[in-house]
Amino acid sequence: MIQIETSNNGSVNHIKLTGELDISTVDEFRQSIENVPETTNEIHLDFSGVEFVDSTGIGSLVQIMNQLKARDIEVKVKRIPVEIYEVFDLLGIPELLGKGHFECLK
Amino acid sequence: MTLAKFKEKANSYFKIYTSIVVVFVLIIFLLAQFIFYRQTLYEDLVHDAELQSKIMAVVILDYEKRGSGFWNDKEFEQKIYNRLSLLADKRNNIVNLKILGFNPRTNSWQEVISVKRSFTGSLSSLEKKIASLGESLIKGNSRIWCNGEGYVVNGTTVVDMGNERSKLKVSTDVEANKFVQQQIWFAVVLVLLFSGIVIILILQYRLFFLTLYKPLDNLIEGMKVISRGNLEYRIPVVRRDKLGNFIESFNNMVKELKKSREDLEKELSVTKDQREKIFKVYRDVIFAVTQGKMVLVNVKELPSFINTGKRLAEVNVSQGEDVGLARKVSKHIINELFPQYSKTQKILLCVSEAATNVLKHAGSGKFFILKINNTVRFVFTDKGPGMDFSHLPSAIFYKGFSTQISLGYGFSLIYSFVDKMILSSTKNGTTVAFDVIMTP
């Protein structure tokens, strides 16, 4: 179960996720990001409401970030809960995509 | 097929067909000759009968001229009878002579005198049957008929007695039994000859096909048996010709095939043993390097690992939502049994990874939880195509994302967290189980 709220603030697109990101919700998640307007330069993903994420969820996130990078859209994952960030860390994602893109909730 | 063989085969066919054609032409020739011969004989017979009636007419006229007179005269009858007996020989035996006078008033012939003599020969009952059959077969204006006693041919002569009004007709029935008999036996011989030839031809023809096709049938039957996998079977070789040679070569081929199959089976069992040994070594190495954390088990050992402890819950994993359900069930059990435990989130991550792998690699499978003292074992079984153990070391020892594609990158996540991991995989399915010791 996942809830996705999208709000547009100029060239920055805010997407807030609430719920779990796994094999049953990755398609919905992927679609919501692919549907951002063409004028978007930057996407801010708010992860504060994310209760669970596994390698499938993170895999799709990495894929999307790589695709958007090719379209010159920067993605920043913000307010990641500590437990969720640990999973990112275990998989070595911050090292792979750049630590600047991920912001952990302290 | 080489040209020479083709010629040979064509030659044998040609021989058979020409012999058949020649025989038929001969038969037709014989038949035509018989019909011609019969016609001549018949015409002769009729001609003879006519001649007889003419002779008798002359004789009767002679009697009449001498003035002996004949009307209702017994003596005259006797005279005629004697005359007939005198004339009679084997070919010309008049059995019935009639003198008819013309009656101008009724404009019809009236019988005046009738003299009968007995037949010299008679037909047997078989001959009579054949003759009547022949009569019904050859209909037409034949002048031979059966008068009850035997077959006769009629000759008739009309004599003018000087004036218009008195005419005399002499009708003679000449015995034709001999002729009919001859015809019958000639026809019988011809039929026998004809059927004999036909039977011989048919036999020859049958024999030809039998000698050619019987071994071919054997061959085809044998090939069927062998193609069903019975390499013990040998096609019987009954002929010492090209077909026999062929069957012999075929049998040899089957023998070779059997030998190579046995070799292959031997090789295969050696390979199997070898693989078993390699697996054991591999298992020991993996066990040692992981300090007992990673246990590879074969199918026989598996039940002792998953049919133990207390089974707490079971979830069928067949769609995306089931992954969430597996986590929910796991979370509930951990909270119930070990409320003090603090790393539940990590266990849920492992459950999620394992369940996702089941979905991705096998399509569906089963997840259940076992409690063994203060250890909880999470078991995932599926009937998928199995996993390749050769990727195991990289999955275990290289942390990171990009190297983990082949086993699913969740694999290293599970390994890094759990206390023990049990793995069993064949081409019929995979079982992944992991233990977590529940110390707060």
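Since we're looking at a predicted model, the values are computed, not measured.

### Things to note about the overall build of chain B
Looking only at helices and strands, chain B features 10 helices and 11 strands. Sequence separation of at least 24 residues holds for 64% of the intrachain contacts in chain B that already meet a minimum separation of 6. For chain B, the exposed area adds up to about 26,700 Å²; of that, 59% sits on carbon and sulfur atoms.

### As for the sheet that holds strand 4 (residues 151–160) of chain B
Residue and element names in this part refer to chain B. Read from one edge to the other, the open sheet built from five strands follows the order 2-1-5-4-3, with strand pairing classed as antiparallel. Every interior strand has two partners, whereas the edge strands, strand 2 (108–116) and strand 3 (144–146), have only one. For this sheet, the mean angle separating the axes of adjacent strands, direction not counted, is 30°. Strands in contact with helix 1 (residues 3–65) are strand 1 (94–103), strand 3, strand 4 and strand 5 (167–175); relative to strand 4, the strand with the most contacts, it is inclined by about 45°. Packing against the sheet, helix 2 (residues 74–87) makes contact with strand 1 and strand 2, and its axis sits at approximately 65° to strand 2.

### Re empty space enclosed by the protein
All names here are of chain B. Applying the stated criterion across every chain, the model contains three cavities of 30 Å³ or more. One number sums up the size of the largest cavity: a volume of about 40 Å³. Ile-27, Leu-30, Leu-31, Leu-190, Leu-193, Phe-194 and Ile-197 together form the lining of the largest cavity. Elements with a minimum of two residues in the lining of the largest cavity: helix 1 and helix 4 (177–227). Here the element with the most residues in the lining of the largest cavity is helix 4; it accounts for four residues. Each residue belonging to the lining of the largest cavity can be placed in one class, and the counts come to seven nonpolar, no polar and no charged.

### Quick look at a nonpolar patch on the surface
A cluster of nonpolar side chains, Phe24(B), Ile28(B) and Phe194(B), forms an exposed patch at the surface whose accessible area comes to about 290 Å². Locating Phe194(B) in the fold gives a position in helix 4.

### Re the sheet that holds strand 1 (residues 2–9) of chain A
As a general point, the strands of a sheet are linked pairwise by backbone hydrogen bonds and lie either parallel or antiparallel. Residues and elements named next belong to chain A. Strand order in the open sheet made by the five strands is 1-2-3-4-5, with mixed pairing throughout. Two strands in the sheet have a free side with no partner beyond their single neighbour: strand 1 and strand 5 (102–104). Strand-to-strand twist in this sheet, taken as the mean axis angle between neighbours without regard to direction, amounts to 15°. For strand 1 and strand 2 (residues 12–21), the ladder comprises eight bridges, and the chain directions are antiparallel.

### Things to note about the interface of chain B and chain A
The interface is formed by 21 residues belonging to chain B together with 19 residues belonging to chain A. Of the roughly 1,700 Å² buried between chain B and chain A, counting both surfaces, carbon and sulfur atoms make up 62%. Across the chain B-chain A interface, the total number found is three salt bridges. Between Lys346(B) and Glu86(A) there is a salt bridge, and its shortest N-O distance comes to 2.8 Å. Taken together, chain B and chain A are joined by six residue pairs in polar contact (both at pLDDT 80 or more). Secondary structure elements with two or more residues in the side of chain B that touches chain A: helix 7 (320–337), helix 8 (344–362) and helix 10 (410–417) of chain B. The biggest single contributor to the side of chain B that touches chain A is helix 8 of chain B, with nine residues.

### Things to note about the side chain of Thr172(B)
Residues and elements named next belong to chain B. Relative to the helices and strands, Thr-172 is located in strand 5. With a relative accessible area of 0%, Thr-172 lands in the buried category. From its side chain, Thr-172 meets the backbone nitrogen of Ser-53 in a polar contact 3.5 Å long. For Thr-172, the contacting residues outside a window of four places in its chain are Ala-49, Gln-52, Ser-53, Met-56, Ile-94, Asn-96, Leu-97, Val-153, Asn-154 and Gly-155.

### Some words on the confidence of the model for chain B
All names here are of chain B. Of all residues in chain B, 92% have pLDDT values of 70 or greater, and the mean over the chain is 83. Predicted confidence for residues 401–407 stays below pLDDT 50, and this span has 20 contacts to residues more than four positions away or in other chains. Across the interfaces of the predicted complex, the ipTM metric reaches 0.89, alongside a pTM of 0.54.

### Some details on the nonpolar core
All names here are of chain B. One finds Phe-378 and Phe-434 to be the most contacted residues of the largest nonpolar core, which totals 41 residues. The leading source of residues in this core is helix 8, at seven residues. Ignoring anything within four residues of it in the chain, the contact list for Phe-434 reads Cys-350, Val-351, Ala-354, Val-376, Arg-377, Phe-378, Phe-380, Ile-414, Val-418, Lys-420 and Met-421.

### What to know about the environment of Leu61(B)
Residues and elements named next belong to chain B. As for its position among the elements, Leu-61 is in helix 1. Distance in space between the C-alpha atoms of Leu-61 and Leu-168 is 9.6 Å, their sequence separation being 107 residues. Not counting chain neighbours up to four residues away, the residues in contact with Leu-61 comprise Val-159 and Met-161.

### Description of the packing of helix 7 of chain B against helix 8 of chain B
All names here are of chain B. Remark: helix 7 packs on helix 8, axes separated minimally by 9 Å, with the N-to-C direction vectors making an angle of 150°. The orientation of helix 7 relative to helix 8 falls into the category roughly antiparallel. You can see that helix 7 and helix 8 cross each other, and the crossing is right-handed. Contacts between helix 7 and helix 8 pair Gly-320, Val-323, Ala-326, Arg-327, Ser-330, Lys-331, Ile-334 and Asn-335 from the former with Thr-344, Ile-347, Leu-348, Val-351, Ser-352, Ala-355, Thr-356 and Leu-359 from the latter. Counted by class, the contact of helix 7 with helix 8 contains eight nonpolar, six polar and two charged residues.

### Quick look at the pattern of salt bridges
Overall, the coordinates contain 11 salt bridges over all chains when judged by the stated rule. Here Glu20(A) makes a salt bridge to Arg327(B), at a shortest N to O gap of 2.9 Å. Of the two residues, Glu20(A) sits in strand 2 while Arg327(B) sits in helix 7, which places them in two different chains. Accessibility expressed as a relative area gives 25% for Glu20(A), which makes it partly exposed. Overall, Arg327(B) belongs to the buried group, its relative accessible area being 3%. Across the pair Asp435(B) and Arg377(B) runs a salt bridge, and its minimum N-O distance is 2.7 Å. Placement of the pair is Asp435(B) in strand 11 (residues 429–437) and Arg377(B) in strand 9 (residues 375–382), with a sequence separation of 58 residues. On the accessibility criterion, Arg377(B) (7% relative accessible area) is buried.

Criteria and cut-off values
Residues numbered from 1 in each chain as written. Chains lettered and ligands numbered in written order. Predicted model: local features only at pLDDT ≥ 70, side-chain atom pairs only at ≥ 80, totals over all residues. Heavy atoms only, no water. Helix = DSSP H or I, 4+ residues; strand = E, 2+ residues; numbered from the N terminus. Contact = heavy atoms within 4.5 Å. Areas by Shrake-Rupley, 256 points an atom, 1.4 Å probe, with all protein chains shown as cover. Pairing = 2+ DSSP bridges. Axes fitted to C-alpha atoms, helices over the stretch in contact; angles between N-to-C directions. 1 Å grid on protein atoms, 1.4 Å probe; cavity = no way out; pocket = protein on both sides within 12 Å on 5 of 7 lines; lining within 4 Å. Points joined across faces, edges and corners; volume = space filled by probe spheres on them. Nonpolar A, V, L, I, M, F, W, Y, C, P; charged D, E, K, R; others polar. Patch = residues over 30% accessible without salt bridge, like charges linked within 9 Å, V, L, I, M, F, W, Y side chains within 5 Å. Salt bridge = Lys/Arg side-chain N within 4 Å of Asp/Glu carboxyl O. Buried area = accessible area lost by both parts, 1.4 Å probe. Polar contact = N/O pair within 3.5 Å; in protein donor to acceptor, adjacent residues only side chain to side chain. Buried < 20%, exposed > 50% of the residue type's maximum accessible area, 1.4 Å probe, protein only. pLDDT = per-residue confidence, 0-100. Core = buried A, V, L, I, M, F, W, Y, C linked by side-chain atoms within 4.5 Å. Parallel < 35°, antiparallel > 145°, perpendicular 65-115°, else oblique. Left-handed = near helix turned anticlockwise from the far one by under 90°.

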